[in-house]
Amino acid sequence: GFNLLYMIFANGFGVPKDGAKAADYLRQGAKAGDSGARLNYAISLYEGTDFIARDRDRACPMMVELLKDESVQALIAHQVGLAMAYGHCGFKANPEAGMKTVEIAANRGVTGAERDMAMSYEKGFAGAVDPLKALEWYEKAASHGDGYSLWRLGMAYVEGTVRPKDSAKAVKYFQQ
């Protein structure tokens, strides 16, 4: 219930938005051991929000602990993988190992992880540039409605990147 109340007040679903109240409910839920609340609280601490200050010293141990909780493992694998890749949370920066952890989340349908996998292959962040694999991951994220991935697929048709140039197909992606 605390996690649901957090989401209601954080987003203003049927009530005025109230960040302080949302944060309080989230803290209560995390303290009570609710997996969803612990996940949202850890990510909020890691990234920082309008109403929860970034505190990676508190977030990181929570994130690593949440990897053991199968109910949220895929979602937190994305965040832990990024922390590994960039050298946060006491990890030595290791893009290859980090992206392997992100891939756990991506393979379980976590949209942001799918997009991050695509970007990694597109830019060569954790190895060789692979435009084909990048577009495959962008397609997966786009199928979940990810705006950046839809734009990137449209641009592939504009630029002729692993796709033939086709402005009509590009427009269809941009419209989505």
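Further up the page is the structure itself.
Summary of the structure given here. Everything numeric in this text was worked out from a predicted model, so none of it was measured. Here, residues in each chain are numbered from 1, in the same order as that chain's written sequence. With pLDDT at 70 or above as the cut-off, local features in this predicted model cover only qualifying residues; side-chain atom pairs require 80 or more to be listed or tallied, and sums for whole chains, interfaces and linings still use all residues. The side-chain quantities take in all heavy atoms of the structure and omit both hydrogens and water.

**What about the overall build of the chain?**
A count of helical and extended segments in the chain gives ten helices and zero strands. The principal-axis extent of the C-alpha atoms belonging to the chain is close to 55 × 40 × 25 Å. A separation of at least 24 residues holds for 40% of the contacts in the chain among residues at least 6 apart in sequence. Accessible surface computed for the chain: about 9,300 Å², of which carbon and sulfur atoms make up 53%. Asp and Glu count as negative and Lys and Arg as positive, but His and the ends of the chain are not part of the count. Where a charge lies is defined by one atom per residue type: Lys uses NZ, Arg uses CZ, Asp uses CG and Glu uses CD. The average position of the 21 basic charges and that of the 21 acidic charges among the side chains of the chain differ by 1 Å. Starting at the N terminus, helices and strands are each numbered in turn, a helix being any DSSP run of H or I of at least four residues and a strand any DSSP run of E of at least two. Should any heavy atoms of two residues lie within 4.5 Å, those residues are counted as being in contact. Every accessible area reported is derived by Shrake-Rupley at a probe size of 1.4 Å, with residue values counting cover from the shown protein chains alone.

**Section: the packing of helix H3 (residues 35-47) against helix H4 (residues 56-66)**
Comment: axis = line fitted to C-alpha atoms, over the contacting stretch for helices; angle = value between 0 and 180 degrees taken between N-to-C directions. Following both chains from N to C, one finds H3 and H4 inclined at 140°, their axes separated by 8 Å at the closest point. Here H3 lies oblique to H4, going by the angle between them. The way H3 lies across H4 gives a crossing that is left-handed. The segment H3 lies against H4, with Arg38, Leu39, Tyr41, Ala42, Leu45 and Tyr46 engaging Arg56, Arg58, Ala59, Cys60, Met62, Met63, Glu65 and Leu66. Roughly parallel here means an angle under 35 degrees, roughly antiparallel means over 145, roughly perpendicular means 65 to 115, and every remaining angle is called oblique. Here is the rule for handedness: rotate from the far helix to the near one, and if that takes an anticlockwise turn smaller than a right angle the crossing is left-handed, while a clockwise turn gives right-handed.

**Some thoughts on the pattern of salt bridges**
Should their charged atoms come close, side chains of opposite charge can pair. Salt bridges are defined as contacts in which a side-chain nitrogen from Lys or Arg sits within 4 Å of a carboxyl oxygen from Asp or Glu. In the structure shown here, the tally under the stated rule is five salt bridges. Linking Arg152 and Glu159 is a salt bridge whose minimum nitrogen-to-oxygen distance equals 3.5 Å. Look at the salt bridges and you will find they share partners, linking Glu122, Arg152 and Glu159 into a network.

**Here we look at the state of the cysteines**
Two cysteine sulfurs form a disulfide in these notes if their separation is within 2.5 Å. Throughout the structure, instances matching the rule amount to one disulfide. One disulfide in the model links Cys60 with Cys89; its S-S distance is 1.8 Å. Linking Cys60 and Cys89, the disulfide has an S-S dihedral of approximately -65° and is accordingly described as left-handed. Taken as a pair, Cys60 in helix H4 and Cys89 in the loop between helix H5 (73-86) and helix H6 (95-106) lie far apart in primary sequence, 29 residues in all.

**Comments concerning the packing of helix H2 (residues 19-32) against H3**
Their axes nearest at 8 Å, the elements H2 and H3 cross at an angle of 120°. Taken as axis vectors, H2 and H3 run oblique relative to one another. Here H2 and H3 pass one another in a crossing that is left-handed. Taken together, the residues of H3 that come into contact with H2 (itself represented by Leu26, Arg27, Gly29 and Ala30) are Ala37, Arg38, Asn40, Tyr41 and Ser44. Looking at the contact of H2 with H3 residue by residue, the classes come out as four nonpolar, three polar and two charged. Each residue gets one of three labels, nonpolar for Ala, Val, Leu, Ile, Met, Phe, Trp, Tyr, Cys and Pro, charged for Asp, Glu, Lys and Arg, and polar for the others, Gly among them.

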